[in-house]
Each structure stands twice: as C-alpha cells, then as structure tokens.
Amino acid sequence: MERPRTVKIEVLEKNETNLRIIVKEADVPLMNALRRIALSEVPSMAIDEVVMIENSSILQDEIVAHRLGLTPLRTDLESYNLPEDCECQSEFGCPQCRVTLTLDAESKEGTRTIYSGELVSENPDIAPVSDKIPLIKLAKGQKLKLEAYARLGKGKNHAKWQPVAVCAYKYFPKIDVLREKCEDCQKCVDICPKKVLAIKDEKVDVRDLLACNLCMDCVDACPTEPKGIKVEWEKNAFIMNIESTGVLPPEKILQEATKTLDKQLKEFEEQLKV
Ligand SMILES: [Zn+2]
C-alpha cells in the first residue's frame, strides 16, 4: 500500500513582497489550483468608486478614477468583509466593508506631480503601499478634489483586486553531467541563458541548479552522441514564486489561497450530499 504523502515546504527566499519556496510531494493539479486561486480568488482592497468634487486637470474623471483603482492598497482581511458577504447588504457599503480615502490637491506654482502619499485614508492601515506612485500632474492653478471608496474584491472581477504581481511555479530540475561521456567542451556552459553550469577544476559542474528553467539548450549544444548531459525534472517537486503587489504579505496570500481551496472543496462535498 502506498504511504500517504505529506507536502513538504522549504523556504528559499522571503521578504516583504517576495516568497520563493520548494514544494515537495505535491502535484500539478494542486500547484495550479493554488496559483489560480492566489490570482483570482484571494481578496484585496482597491478603490472602486470615486466621487469627483473638483477636477480641473487635463485628465478626465474616468482616467483619474482608473488610476486610483490600480493603486495597490495595504489590506486587512480580518477587519473587513467582502461587500457581497457584509451584513449591511447596502450598495453604498458600511464601515465593515468600505474605506473612504480623500484627496485634496492643487498646484499653486508651476507643474506639480501628485503622488499616492497625498491620499488621506480614514483608516491608516488601509493606505497605498507606497507614497511614491504618481497619480496625476497638475499645472499651475489646476485642482483635484475627490472622495474615493475602497472595497475588498477579487482578481477574477477586476485585475486591480489581484494581490499578486507574479504567482508561478516550475518543475524542480535535475541535472546530471555524465562523466564518462562528457568531453568538458564548455559548449553547454556557454549556451545556458541562466548560467546554471560552470567549469570547476576543468570539468563541467552544476553551479546554480534552481536557476534552471529546463530549456534544454545545454543538451542540444552538447556535441557528443549520446549526450554528455542529462536534464530532467522531479515529478512531485516544484519551485514556486510569489511576488505580492504589497497589499498582503506573500505567505498570507498563499495561506488564504489554501483556505479558499479548502472551503470550495467543502462546499462541493455539501452539494454532493444534497
Ligand atoms: Zn457593509
């Protein structure tokens, strides 16, 4: 009998916005489900409605609203509800499902760039991830005054709610230099776009295995027949890379994705019983 598998995770790199992990004992359907859920189902905050009070800039209201919508906002999933799940069921939202941000900018002298840092949020925890996102340029005398409402939403409805800039995985590479066949001609070392191979003590050596993207250029470049280098991939191991837009920490995005997958499977099970 096959022993039950348990997924093993090893962290390669982790910082505020990036997470790179090795996932072992997983398979493609699981990895792909998590990737797709991270992209389209994990909620994040984004501006969804703008009330323009004054706009004498050269950009139309719609363009300004669009730029505001695409400004990533730090998200707090515990304190806010998705509007469709909120008790208020109101079109306008309530303090549990909506955050108000205001902007009151004008240029008194010369041309001035208005940055995301000038948006004032009623909740300091829900604010642009960076102060340095240019929103608009105002010429002397132009004004922009508005009130914007941010809500939780999902990437499947609009890309502005997508919490990740990158969410991808690749197979875990396996490279063998076949000593008895390899002539150490260096052709494979020179052709590798990711600089995976190197010459060590006059022999071809694997320098950076994880950088390999299985392009097979090294195998094609090998002049010996049969080939002196073998590139394969592990069937049940993957390297996953998640880059957050800054709205949520990348590990939180992955945790939320697993929760969502769990919830969807439970719902499926319930429906089956019916
Ligand atoms: Zn509400």
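Our subject is the structure that appears above.
Computed from a prediction, not measured in an experiment: that's the story for all the values here. (Residues numbered from 1 in each chain as written. Predicted model: local features only at pLDDT ≥ 70, side-chain atom pairs only at ≥ 80, totals over all residues. Heavy atoms only, no water.)

### Quick word on empty space enclosed by the protein
Under the counting rule described, the total for this entry stands at two cavities of 30 Å³ or more. Taken as a whole, the largest cavity spans an internal volume of roughly 90 Å³. What lines the largest cavity is a set of 13 residues, among which Cys-192, Val-196, Cys-212, Cys-215 and Cys-218 lie closest to the centre. A breakdown of the residues in the lining of the largest cavity according to their chemical character gives 11 nonpolar, one polar and one charged. Of the pockets and cavities examined, the second largest cavity occupies roughly 70 Å³. Taken together, Val-177, Cys-182, Glu-183, Cys-185, Cys-188, Cys-222, Pro-223, Gly-228 and Ile-229 form the lining of the second largest cavity. Considered class by class, the residues forming the lining of the second largest cavity number seven nonpolar, one polar and one charged. (1 Å grid on protein atoms, 1.4 Å probe; cavity = no way out; pocket = protein on both sides within 12 Å on 5 of 7 lines; lining within 4 Å. Points joined across faces, edges and corners; volume = space filled by probe spheres on them. Nonpolar A, V, L, I, M, F, W, Y, C, P; charged D, E, K, R; others polar.)

### As for the coordination of the zinc ion
Listed as protein donors to the zinc ion are Cys-86 (SG), Cys-88 (SG), Cys-94 (SG) and Cys-97 (SG); their distances from the metal cover 2.2 to 2.3 Å. If you look at the zinc ion, its four donor atoms make angles of 103 to 113° with each other, and the shape they trace is tetrahedral. Within one chain, the residues serving as donors to the zinc ion are arranged as C-x1-C-x5-C-x2-C. Given the relative accessible area of 28%, Cys-88 is considered partly exposed. (Donors = N, O, S within 2.8 Å, 3.2 Å for Na, K, Ca; no water. Tetrahedral: all angles 85-135°; square planar, octahedral: opposite > 155°, others 65-115°. Buried < 20%, exposed > 50% of the residue type's maximum accessible area, 1.4 Å probe, protein only.)

### Concerning the layout of surface pockets
In this structure, the largest pocket spans a volume of roughly 430 Å³. Surrounding the largest pocket, 18 residues form its lining, Pro-43, Leu-82, Lys-154, Thr-260 and Lys-263 being those nearest its centre. With six residues, the single largest contributor to the lining of the largest pocket is helix H5 (residues 250-273). Counted as a void, the second largest pocket has a volume near 200 Å³. Lining the second largest pocket we find Val-7, Ile-9, Ile-21, Val-23, Leu-30, Met-31, Leu-34, Met-240, Glu-251, Leu-254, Gln-255 and Thr-258. When contributions to the lining of the second largest pocket are tallied by element, the ones reaching two or more residues are strand E2 (18-24), helix H1 (28-40) and H5. Top contributing element to the lining of the second largest pocket by residue count: H5, with four residues. Partitioned by chemical class, the residues of the lining of the second largest pocket number nine nonpolar, two polar and one charged. (Helix = DSSP H or I, 4+ residues; strand = E, 2+ residues; numbered from the N terminus.)

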